[in-house]
Amino acid sequence: MKFTKVEPAYTTKDGCRLVWEGENEDDTDTVILNKNELESLVEILKKDVSGKIHLEDLASSIMVNSDVTQFDLQGHRPLEADTFDLQKKVLEFAKIPHQPKYVHISSKEFYPSVWIRKEQKDERSDFSPKRTPQKPSLLQAILSSKPEKTSKTQSETDIFRIFSTRRSTRKFKKSKVEDWKIDKILAAADTAPTAGNFQGLKIFYVKNSSTKEALVEAANKQPYVNAPLVLVFCMDPERVKLKFPQDILDKFSLQDATLAAAYAQIAAAGLGLSSIWIGMLDEKKVQTILGTELKPSSILCIGYPEKKRPPKSRRKLKELIEVIE
Ligand SMILES: Cc1cc2nc3c(=O)[nH]c(=O)nc-3n(C[C@H](O)[C@H](O)[C@H](O)COP(=O)(O)O)c2cc1C
C-alpha cells in the first residue's frame with residue numbers, strides 16, 4: 001500500500017484523513033488525525049526534523065524520520081509514508097481551503113450511473129459496488145453453535161464481544177465523554193455504508209444544554225435524552241443523487257441515517273460507554289429545535305452508565321432466522 005493523499009476529516013473540521021491505497025479500491029487504509037495531532041505533524045514537517053507524535057488513544061504513534069515516516073496505530077497494520085511526500089502533501093493540505101467532492105450524474109438510466117470526481121483532475125472512476133460473496137456455511141455454523149462464555153483472553157474491543165455485551169442505558173453518570181471518544185464515535189458513524197455512497201444523512205452533535213432540554217420535550221419527555229453526548233441522526237434524501245423514485249430515495253436516506261446511528265452505538269459500546277436509542281420523537285419539534293428541514297430518524301444519547309448491566313435476552317436465533325434452502 002502506498003500513501004496517496006490527505007483529505008479533510010469529516011468529524012473534526014480542523015483534522016485530516018491520511019489515505020493509503022493499494023492495487024484495488026478495497027485495498028485502502030485511512031488514518032484520522034484530530035486537530036492537535038495534525039498540528040503536531042505539521043510542526044515537525046515544517047521544521048524538517050525527526051520527531052514522534054503520540055496520538056490521543058495513547059496507544060498509537062507516528063514516528064517521523066528523515067526518509068520514512070512510520071505509523072504505528074492501534075487496529076491498523078503498520079503503515080509507512082515517504083517523509084518527503086508526506087511533508088509536501090500535509091503542508092499543502094494545511095495551507096489550502098478544503099474543497100468538497102463533486103458528484104456527477106451521467107445520462108445512463110441504470111444503476112449505478114454515478115461517479116465521484118477526483119479532487120485534482122476530472123478523472124472518472126467507475127462506481128461499482130461489489131457484492132460480498134455469501135458463505136452458506138457461516139449461517140449454518142451460527143445456527144448450530146452452542147452459547148459460549150466470553151473468553152477472558154478476548155480483547156475488550158473484539159467486535160463480537162462488543163455485540164454480545166452491549167446494553168442500553170437510561171441512567172448516565174454526569175461525567176463528560178472525552179473528545180477523542182466523541183471523534184471516534186462520529187468517525188465510526190461515517191464508516192457506515194450509505195446508498196450509492198452518497199451519505200444521505202446528517203448528524204447533529206448537540207452540545208448546548210438548553211437544546212438538549214428542548215429535545216427531552218420533543219422526545220415525549222424522556223429525561224435521559226439530556227445525556228452527556230447527544231447525536232441526532234437526520235435523513236438527507238437530496239444528497240442521494242440516484243435516478244430512482246422519491247419514495248426509494250427517502251427510504252435510502254432513512255436507512256443511511258439508521259445505519260450510521262447503529263455504527264455510532266456500537267462504537268460507543270466499544271469505548272466503554274453506553275447509550276439509548278430514541279425513536280419516539282416528534283419530527284416537527286426536533287426540526288424546529290435544530291433549525292433544519294431534514295427529518296430526524298433517531299436520537300442517540302450516550303454517556304457512562306451509572307450501572308453496568310448484562311445484555312437483555314433475545315429470542316432464539318433459530319426463531320429469528322428462516323433458512324431458505
Ligand atoms: C427503533 C428503536 C426505537 C427506540 N426508541 C426508544 C425510545 O424512544 N425510548 C427508549 O427509552 N428506548 C428506545 N429504544 C431502545 C430499546 O428499547 C432497546 O434498544 C431495547 O429494549 C433493547 O435493549 P438493548 O438495547 O439493551 O438490547 C429504541 C430502540 C430502537 C431500535
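Participant: What should I look at first to understand the sheet that holds strand S3 (residues 28–33) in this one?
Facilitator: For sheets, the rule is that strands pair by backbone hydrogen bonds, running either parallel or antiparallel. Spatially, three strands are ordered S1-S2-S3 in an open sheet, and the strand pairing comes out antiparallel. Taken across any chain shown, the strands that pair with only one partner, and hence form the sheet edges, are strand S1 (2–8) and S3. With direction set aside, neighbouring strand axes in the sheet form an average angle of 20°. Summarising the sheet, strand S2 (residues 16–21) and S3 pair through six bridges and their orientation is antiparallel. For cysteine 16, the partnering residue across the bridge sits in S3 and is leucine 33.

Participant: Got a minute to help me understand the site of the ligand in this structure?
Facilitator: Near the ligand the following residues occur: Arg167, Ser168, Arg170, Gln222, Ile276, Trp277, Ile278, Gly279, Met280, Pro311 and Lys312. Split into classes, the residues belonging to the shell around the ligand amount to five nonpolar, three polar and three charged.

Participant: Is there a simple way to think about the environment of arginine 161 in this case?
Facilitator: Examined against the element boundaries, arginine 161 turns out to sit in helix H4 (residues 159–165). Between the C-alpha atoms of arginine 161 and alanine 269, which are 108 residues apart in sequence, the distance is 9.9 Å.

Participant: Would you take a moment to explain the pairing of strand S4 (residues 51–54) for this structure?
Facilitator: Looking along a regular strand, one sees side chains alternate from face to face of the sheet. Examined bridge by bridge, S4 and strand S5 (residues 61–64) share four bridges and lie antiparallel to one another. Residue lysine 52 lies in a different strand from S5, and its bridge partner there is methionine 63. Here S4 folds back onto S5, and the loop between the two strands holds six residues, one of which, leucine 58, carries a positive phi near 65°.

Participant: How do you make sense of the packing of helix H1 (residues 35–47) against helix H2 (residues 83–95) when you look at a structure like this?
Facilitator: In a pair of packed helices, the angle between the axes and the distance between the axes together describe the arrangement. The interhelical angle for the contact between H1 and H2, taken along N-to-C directions, is 120°, at an axis separation of 10 Å. Judged on the interaxial angle alone, H2 and H1 are oblique. Seen from above, H1 lies across H2 with left-handed handedness. Contacts between H1 and H2 involve Leu41, Val42, Leu45 and Lys46 on the former and, on the latter, Leu86, Gln87, Val90, Leu91 and Ala94.

Reading the values: rules and limits
- Residues numbered from 1 in each chain as written.
- Predicted model: local features only at pLDDT ≥ 70, side-chain atom pairs only at ≥ 80, totals over all residues.
- Pairing = 2+ DSSP bridges.
- Helix = DSSP H or I, 4+ residues; strand = E, 2+ residues; numbered from the N terminus.
- Axes fitted to C-alpha atoms, helices over the stretch in contact; angles between N-to-C directions.
- Near = placed C-beta within 6 Å.
- Nonpolar A, V, L, I, M, F, W, Y, C, P; charged D, E, K, R; others polar.
- Parallel < 35°, antiparallel > 145°, perpendicular 65-115°, else oblique.
- Left-handed = near helix turned anticlockwise from the far one by under 90°.
- Contact = placed C-beta atoms within 7 Å.

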